[in-house]
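Tertiary structure, described
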Amino acid sequence: GIGKSNLTGSGVISIGGPRPKVKAQLASTLLDLFELLPKGGATPKGPAPSQKVPEPSKDKRMFPADALPLSGLKAADADLDLKVDRLVLPNKLPVEGLAAHLVLSGGRLEVQPLSARIGAGTMTGRIALDSSAGKTAILAAKIDAKALDLGQVLRQMGHPDLVAGAKRAQEC
């Protein structure tokens, strides 16, 4: 492993088609992205002289308006089964019992089924991101959350004021 993180599994890479294809089954008892990914304060290497330096975003939204670099979704195909006992996101939010099946084909990514525990709550669902048709990608998601403390999650993500309101108890 790297640091405290570990990843085991098996897989096959095929290079005989129009794009390389990876088929793998991966498992981890701990995958700490906070530990593995570069920190926000890290100084990246400068751009090539011909590259324009992007202006830092002043956008305070949870999801900035900046375009996502999705061209990589067309570079290869994949079929992955992933099970992670404990995933620590870059913002240190812990996710437990993550299980997902990811299929990437020709620029279309599908994650189905997807399940995890966050705090005392559970989340299940599916996500599809289709960048195959051109410049604009289409995102579709169906997420069911039960007993998830959204306020706690948003505080841990650094967005405590994103949602406001009061919780109402439902009568049985």
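Located above this text is the structure these notes cover.
The structure reproduced in this document is the subject of the present report. (Residues numbered from 1 in each chain as written. Predicted model: local features only at pLDDT ≥ 70, side-chain atom pairs only at ≥ 80, totals over all residues. Heavy atoms only, no water.)

**Digging into the environment of lysine 39**
Quick note on the threshold: Numbering of helices and strands starts at the N terminus; helices are DSSP runs of H or I of at least 4 residues and strands are runs of E of at least 2.
As for its placement among the helices and strands, lysine 39 is situated in the loop between α1 (33-36) and β4 (77-88). Taking the C-alpha atoms as reference points, lysine 39 and proline 90, separated by 51 residues in sequence, lie 8.3 Å from one another.

**Focus on a nonpolar patch on the surface**
Heads up, the condition is: Every patch collects residues that have over 30% relative accessible area and no salt bridge, joining them within 9 Å if they carry like charges and within 5 Å if they are nonpolar side chains (Val, Leu, Ile, Met, Phe, Trp, Tyr). Accessible surface is estimated by sampling points in the Shrake-Rupley manner with a 1.4 Å probe; for residues, cover comes only from the protein chains shown. Between Lys or Arg on one side and Asp or Glu on the other, a salt bridge is scored when a side-chain nitrogen of the former is within 4 Å of a carboxyl oxygen of the latter. A 1.4 Å probe rolled over the protein chains alone gives each residue an accessible area, and that area as a share of the maximum for its type sets the label: buried under 20%, exposed over 50%, partly exposed in between.
A cluster of nonpolar side chains, contributed by Ile2, Leu36 and Leu37, occupies part of the molecular surface with about 260 Å² of accessible area. With respect to the element layout, leucine 37 can be found in the loop between α1 and β4. Among the residues examined, leucine 37 registers a relative accessible area of 40% and is labelled partly exposed.

**What to know about the side chain of serine 28**
Using the following cut-off: We call two N or O atoms a polar contact when they sit within 3.5 Å, provided that within protein one can donate a hydrogen and the other can accept it, with sequence-adjacent residues counted only if both atoms are side-chain atoms. Residue contacts are counted whenever heavy atoms from the two residues lie within 4.5 Å of one another.
By the secondary structure assignment, serine 28 is in strand β2 (residues 21-28). Since its relative accessible area comes to 4%, serine 28 is described here as buried. At 2.8 Å, the side chain of serine 28 forms a polar contact with the backbone oxygen of leucine 30. Those residues in contact with serine 28, other than ones at most four positions away along the chain, are Asn6, Leu7, Lys83, Val84 and Asp85.

**Points about the environment of glutamine 152**
Along the polypeptide, glutamine 152 turns up in helix α2 (residues 150-156). C-alpha separation for the pair glutamine 152 and glycine 119, spaced 33 residues apart in sequence, amounts to 8.6 Å.

**Side note on the pairing of β4**
The test is simple: Note on pairing: DSSP must find at least two bridges between two strands before they are called paired.
Across eight bridges, β2 lies against β4 in parallel orientation. Bridge assignment links leucine 26 to a residue of β4, and that residue is leucine 82. Both strand β3 (residues 31-32) and β4 contribute to a ladder of two bridges, which runs parallel. Within β4, the residue paired with aspartate 32 across the bridge is valine 88. Pairing geometry for β4 and strand β5 (residues 94-105), over 10 bridges, is antiparallel. Following the sheet pairing, alanine 78 is matched in β5 by leucine 104. Hairpin connection of β4 to β5: five residues between the antiparallel strands, including lysine 92 at a positive phi of 75°.

**Describing the nonpolar core**
We apply this condition: By nonpolar core we mean a set of buried residues, namely Ala, Val, Leu, Ile, Met, Phe, Trp, Tyr and Cys, connected to one another through side-chain atoms within 4.5 Å.
Val84, Leu87, Val95, Leu98, Leu114, Ala116 and Ile118 are the most contacted members of the largest nonpolar core, which has 13 residues in total. Only β4, β5 and β6 (108-118) provide two or more residues apiece to this core. If one sorts the elements of this core by residue count, β6 sits on top with four residues. Residues within four places of isoleucine 118 in sequence aside, it is in contact with Leu93, Pro94, Val95, Leu148 and Val153.

**A look at unusual backbone geometry**
Note the cis peptide between glutamine 112 and proline 113, where omega equals 0°. Its identity is not glycine, yet lysine 92 carries a phi of approximately 75°, on the positive side. Relative to the helices and strands, lysine 92 is located in the loop between β4 and β5. In this model, alanine 147 sits at a positive phi of 60°, which is unusual for a non-glycine residue.

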